[in-house]
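Architecture at a glance
As a plain string of letters, each chain reads:
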Amino acid sequence: MTQHSPRSSGARVNPMAPAAYDDLDVEAIKAVAAGNASEGQQKRALAWIVHKAAMTYDEVFVPGQPDVGHHLTGRRNVGNQILKLVNTPIHLLTKQKGTTDVG
């Protein structure tokens, strides 16, 4: 399996670098996009997006570089939105028929 890593797997050298991925990650993302991913590929693709691309669980503070921290916060927000939909019971996320948003 070929590992494509723009940054080391250890300490973050460049927090703005593209996310690391390997051949199976690429295959999984492409299969999801094509609509023919297996269950395992779906799980792998979502895990790659949340953990690697969105860096959901990584530290966003970069000393002396607030603009980088802001960028990382935006990336993390994508992962948090995905996790909200995955982890929240569906009845709390869907509107009942006949109701409207007023606000």
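Please refer to the structure higher up on the page.
A brief look at the structure comes next. Bear in mind the structure is a predicted one, so any value in this text is a computation, not a measurement.

Here is what the cut-offs are and how they apply
- Residues numbered from 1 in each chain as written.
- Predicted model: local features only at pLDDT ≥ 70, side-chain atom pairs only at ≥ 80, totals over all residues.
- Heavy atoms only, no water.
- Helix = DSSP H or I, 4+ residues; strand = E, 2+ residues; numbered from the N terminus.
- Buried < 20%, exposed > 50% of the residue type's maximum accessible area, 1.4 Å probe, protein only.
- Contact = heavy atoms within 4.5 Å.
- Areas by Shrake-Rupley, 256 points an atom, 1.4 Å probe, with all protein chains shown as cover.
- Lys, Arg positive; Asp, Glu negative; His and termini not counted.
- Salt bridge = Lys/Arg side-chain N within 4 Å of Asp/Glu carboxyl O.

Here the focus is the overall build of the protein chain. Scanning the protein chain for helices and strands turns up three helices and two strands. Helices (α) and strands (β) of the protein chain occur, in sequence order from the N terminus, as β-β-α-α-α. Taken across its 103 residues, the protein chain has 23% of its residues classed as buried. Sequence separation of 24 or more characterises 33% of the internal contacts of the protein chain that already satisfy a separation of 6 or more. Of the roughly 7500 Å² of accessible surface on the protein chain, 57% is carried by carbon and sulfur atoms.

Turning to its location among the elements, R75 is positioned in helix α3 (residues 66-87). Comment: no salt bridge for buried R75; closest opposite-charge side chain is D58, at 7.3 Å. Setting aside chain neighbours within four positions, we find R75 in contact with P15, A17, A19, K52, A53, A54 and M55.

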